[in-house]
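# Descriptive structure summary
One-letter residues, chain by chain:
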Amino acid sequence: MKVLVLNCGSSSLKFQLIETDRHRIETESDEVMAEGQVEKIGQAESIITYSSAKGDKIKETAVVLEHSTAIEVLLQHLTHAKHGVIEKTADIEAVGHRVVHGGESFSESAVITAAVLDKIRECVALAPLHNPPNILGYEVASQLLPNTPHVAVFDTAFHQTMPPYAYLYALPYVLYERFAIRRYGFHGSSHRYVVQRLAKVAKTSLAGLRIITIHVGNGCSMAAVRDGKSVDTSMGMTPLEGLVMGTRAGDIDPAIILFLMEKEDLELDQANNLLNKHSGLLGISGIGNDMRELEKAAAEGHTRAQLAIEVFCYRIRKYIGAYTAALGGVDHIIFTAGIGQNSAQIRRKSCQGLEFLGIEFSEERNQALNRKEGLITTDDSRAKVWIIPTNEELVIARDTMLCVSNGGK
Ligand code: ADP
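Procedures and definitions
- Residues numbered from 1 in each chain as written.
- Predicted model: local features only at pLDDT ≥ 70, side-chain atom pairs only at ≥ 80, totals over all residues.
- Heavy atoms only, no water.
- Near = heavy atom within 4 Å.
- Polar contact = N/O pair within 3.5 Å; in protein donor to acceptor, adjacent residues only side chain to side chain.
- Areas by Shrake-Rupley, 256 points an atom, 1.4 Å probe, with all protein chains shown as cover.
- Helix = DSSP H or I, 4+ residues; strand = E, 2+ residues; numbered from the N terminus.
- Salt bridge = Lys/Arg side-chain N within 4 Å of Asp/Glu carboxyl O.
- Buried < 20%, exposed > 50% of the residue type's maximum accessible area, 1.4 Å probe, protein only.
- Contact = heavy atoms within 4.5 Å.
- Core = buried A, V, L, I, M, F, W, Y, C linked by side-chain atoms within 4.5 Å.
- Domains from an automatic or database assignment.

## Focus on the site of the ligand
For the ligand, the set of nearby residues contains 14 residues, the closest of which are Gly217, Asn218, Asp290, Met291 and Gly338. Within the contact set of the ligand, an oxygen atom lies 3.1 Å away from a backbone nitrogen or oxygen of Asn218. A distance of 2.9 Å separates an oxygen atom of the ligand from a polar backbone atom of Gly338. Here the ligand has 580 Å² of accessible area as a free molecule, and 71% of this is covered by the chains. Every element with two or more residues in the shell around the ligand is listed here: α11 (291–299) and α13 (337–342).

## Focus: the pattern of salt bridges
According to the stated counting rule, one finds 20 salt bridges in the structure shown. Close ionic contact of Asp91 with Lys88 constitutes a salt bridge, the shortest N to O distance being 2.8 Å. By relative accessible area, which is 44% here, Lys88 ends up partly exposed. Measuring nitrogen to oxygen at the nearest pair gives 2.7 Å for the salt bridge that ties Arg197 to Glu373. One end of the pair, Arg197, is in helix α7 (residues 188–201); the other, Glu373, is in the loop between α15 (363–368) and β13 (374–375), with 176 residues separating them in the sequence. Looking at Glu373, the relative accessible area reads 30%, which means it is partly exposed.

## Focus: the environment of Val385
Among the structural elements, Val385 can be located in strand β14 (residues 384–387). C-alpha separation for the pair Val385 and Arg347, spaced 38 residues apart in sequence, amounts to 9.4 Å. Each residue touching Val385, except ones within four places of it in the same chain, is listed here: Ile333, Phe335, Cys351, Ile359, Gly374, Leu375, Ile376 and Thr377.

## Structural notes on the nonpolar core
In summary, soluble globular proteins display a tendency toward joint burial of nonpolar side chains. Of all hydrophobic cores here, the largest spans 42 residues; its most connected members are Ile212, Ile214, Met222, Phe312, Ile316, Ile320 and Ile333. At the level of elements, β9 (210–216), β10 (220–226), α11, α12 (303–327), β12 (332–336), α14 (344–351) and β14 are the ones that each hand at least two residues to this core. Counting residues per element, this core draws most heavily on α12, at 10 residues. Those residues in contact with Met222, other than ones at most four positions away along the chain, are His191, Ile212, Thr213, Ile214, Asp232, Thr233, Ser234, Leu243, Ile316, Tyr319, Ile320 and Tyr323.

## Side note on the domain arrangement of the chain
By convention, interface size is frequently given as the accessible area that disappears when the constituent parts associate. Entries for the chain in the domain assignment read domain 1 (2–154) and domain 2 (201–392). Put simply, the middle of domain 1 and the middle of domain 2, counted by C-alpha atoms, are 29 Å apart.

Here is the structure:
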């Protein structure tokens, strides 16, 4: 089945066309036929990139003022006589949409019907920045591909298995009842993918296994996973809680924000920007949010870059300890996403001093395996640490295919 995967942001649209079916899932032979993105939608000049499995690569600028135009542009590329990979848009058999927040309504992916769309709209209050562009992506794509099934794949769905004691905040219970204020967690497709991939790579059943997944990219989150199910995760009602991120603070004393709002006379949106855009690695280092840049500066002796890296890794270590307690031990730890897959230093520092958990780190494997999938502990290590590259688009394509093949379940 040819599935168009769409990830629609406020000013960007990322896409992949993926061929998948049950047999391809079994044999891991799903195929990315083409991929690309339209960036800076609505600005004077938008940037369009497109590449195909046949080897075509295109980068161009154009005026793309609307998301509908962005989808038209990508459909033109996909069906282009020279560099296209399908003859006509009707060859797209299903569309999978990344939807950030599914609230408590969705514990798995769902074919988008009017009732499903209503529920996604209800979640806008919980994700006012993310869900509206996701909904817009569906609205314009379904106008252009009206006879194709559309499926929503939620970032929050994987974490719906958390028990109440893990997802409830110690606020008046009425706030949970009235506003659904609770922990939801995000990056669910990524955490789920690496766990399922681990089962294949380690040739093991997930039953009884205690796994900690560490997704560290621009956004960062961890999950505690037992029997293949999420039982706790570090992001909360919004993606702001938990680990230190590129520009997000992660865990802080909530009273700090009250203090600052009073002292600095901060408006709501200023406080929001402070926590989401000016904190994290950028906030501490004063240099930037790109880990490559920080590692370089730290190596050259920049003390605040060094400090940012220390705080970043210490927070991960602390969560490994917390989740080991939550799980009653740990069998596997998985690093994934931009930083997790690429930075040997961050993996090493995050696991430093954890020998008491049965982790025997192999620096040789850690260095050699950069970017690739594999084990970075010794063969004798009781708890195993892995690098497993994530693939959220593949999860969306596979879920979409399965939802559509199951007749819309
Ligand atoms: P997103 O969350 O936007 O998908 P990614 O998963 O691509 O982000 O991760 C982006 C992060 O990965 C950036 O902080 C970037 O610096 C970091 N990164 C990418 N390559 C490397 C590398 N070789 N070494 C260290 N960090 C890296």
